[in-house]
Structures are given as structure tokens and as C-alpha cells.
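# Secondary and tertiary structure notes
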Amino acid sequence: MTDPFSSPPHPTPYPPHTSSPSYQTYPWASQEPQPHPTSDTPRHAPLGHHSDLRVLRGAYRWQRRVATLTALGYFVLFLLLSAFAPSFMTSEVSGGLSTGLLLGLIQVPVTCLAIWLYEHTARLRVDPLADRIRDLAAVDARRGTVR
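What you see as residue numbers is a count from 1 along each chain, following the sequence as written. Whole-chain, interface and lining totals are the exception, using all residues; otherwise, since this is a predicted model, local features are given only for residues with pLDDT of at least 70 and side-chain atom pairs are given and counted only at 80 or more. Side-chain descriptors were evaluated using all non-hydrogen atoms of the structure, hydrogens and water having been removed beforehand.

In this section: the overall build of the protein. Numbering of helices and strands runs from the N terminus; a helix is a DSSP stretch of H or I covering at least four residues, while a strand is a stretch of E covering at least two. Within the protein one finds 3 helices and 2 strands. If you list the helices and strands of the protein from N to C, you get α-α-β-β-α. In these tables, accessible area is a Shrake-Rupley quantity obtained with a 1.4 Å probe, and a residue counts as shielded only by the protein chains included in the view. Surface summary for the protein: the accessible area is close to 12300 Å², and the carbon and sulfur share equals 65%.

As C-alpha cells, this is what we get:
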């Protein structure tokens, strides 16, 4: 008798995979050296450096942190005040408008400020670096530099 949880035997529609891939699957396996292409054009050193990309990543990371902390920081402040200062949040500002409602409505302009900060820092710090790297890559491509 078969196990009630096992599936019934059925033929597989595909034969088992017996061929191995044409590339190395393990990084620690020894690899054969690739032959260098021979050409008549001289090789030039690439103009761009890895430090350019590292600087670009750092600028982009700083940009994301500033914009994210602006929006989320205000929202977390709003949540903490709601949880730990309910008497402050229910106090009336003017004409039946509570402090909590006023702070909730201010969330929309703060989010717009975070978007503006993101765009501003992109124009100021990230875009010039990206343009410089793009220009260097175009020069490398025209020179035929192999990285």
C-alpha cells in the first residue's frame, strides 16, 4: 500500500538533464585564461576610474538619505507625539482645529519638501558626477579602450 501523502507515479514528459553547462558554475574552480585579442589599434588606459563610481554611489546614497529622513523623520515624530503625548495632540489650536490634525495636514508640504530636496541634491551633486562619468565612457568608447 502506498503512503496517503505521496503522489502517484507518473512519467516525466522531459528527459533528465545530463549535459553540464558550458561555463564554470563555481567561482573557486580554476578557469582557463582567455586569449587576448590581437588588433592593430594601440590599447589606451581607460580614463574613468572606479573611484568615480564610488563617489557617484556616495552622492546618490547621501541624496536618498536626506530625502528619506526628511519625510520619514517628520512622520515618526508625528507618530511618537500621537502615542506619547495625546493631550498635546488633542489640544485645540484655533476654531476647533486640533494640534494632531494640524500636524497631519502639514505632512503633505513636508513630503513636497522631501521631493524638492531629492531633486535639488540630484541637480547639485549627483547629475554632474553622472554626466562626467558618461562623458568619460564616451571618450573611452571612441578611443576603443578595453576595460
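What follows covers a nonpolar patch on the surface. Residues Val76, Leu80 and Phe84 make up a contiguous nonpolar surface patch of roughly 330 Å² in combined accessible area. Within the element layout of this structure, Phe84 appears in helix α1 (residues 50-84). The buried label goes to any residue with under 20% of its type's maximum accessible area, the exposed label to any with over 50%, and the partly exposed label to all in between, with areas taken from a 1.4 Å probe on protein chains only. A relative accessible area of 69% places Phe84 in the exposed class. Two distance rules govern patches: like charges are joined within 9 Å, and nonpolar side chains (Val, Leu, Ile, Met, Phe, Trp, Tyr) within 5 Å, applied only to residues with over 30% relative accessible area and no salt bridge. Basic side-chain nitrogens of Lys or Arg form a salt bridge, by our definition, when they fall within 4 Å of a carboxyl oxygen of Asp or Glu.

A word on the pattern of salt bridges. Inspection of the entire model under this criterion finds 2 salt bridges. Among the ionic pairs, Asp52 bridges to Arg132, the shortest N-O distance being 3.0 Å. Remark: Arg132 occurs in helix α3 (residues 99-143) and Asp52 occurs in helix α1; sequence separation between them is 80 residues. Residue Arg132 is classed as partly exposed on the basis of its relative accessible area of 44%. One salt bridge connects Arg134 with Asp131, and the closest N-O pair in it is separated by 2.7 Å. In this pair, Arg134 and Asp131 are both assigned in helix α3, 3 residues apart and thus about one turn of the helix distant.

Moving on, we get to the side chain of Gln107. Along the polypeptide, Gln107 turns up in helix α3. Look at Gln107 and you get buried, because its relative accessible area is 16%. Only heavy atoms enter the contact rule, under which two residues are in contact if any of them lie within 4.5 Å. In this view, Gln107 contacts Ala71, Tyr74 and Phe75; residues no more than four positions away in its chain are not counted.

Now for the side chain of Thr70. Relative to the elements of secondary structure, Thr70 occurs in helix α1. Whenever two N or O atoms come within 3.5 Å, that pair is a polar contact, provided that in protein one can donate a hydrogen and the other can accept it, and provided that, for residues adjacent in sequence, both atoms are side-chain atoms. A polar contact of 2.6 Å, which involves the side chain of Thr70, links it to the backbone oxygen of Val66. Beyond its immediate chain neighbours, meaning those up to four positions away, Thr70 contacts Val110, Leu113, Ala114 and Leu117.

For the rest of this paragraph, the subject is a positive patch on the surface. Here Asp and Glu are counted as negative and Lys and Arg as positive; His is not counted, and neither are the chain ends. Where a charge lies is defined by one atom per residue type, namely NZ (Lys), CZ (Arg), CG (Asp) and CD (Glu). On the surface, a cluster of positive charge is made up of Arg54, Arg57, Arg61, Arg64 and Arg65. Looking at where Arg64 falls in the secondary structure, it is placed in helix α1. Arg64 gets classed as partly exposed once you look at its relative accessible area, which sits at 35%.

This next bit is on α3. Counted at 1.5 Å a residue, the expected span for α3 with its 45 residues is 66 Å, and the 63 Å between its end C-alpha atoms agrees. Taking the largest bend as the criterion, α3 deviates by roughly 45°, centred on Ala122. At the exit of α3 stands Gly144, carrying a positive phi of roughly 80°. Helix span is expected to be 1.5 Å times the residue number reduced by one. Bend at a residue means the angle formed by two fitted axes: the first through the 7 residues ending at that position, the second through the 7 residues beginning there.

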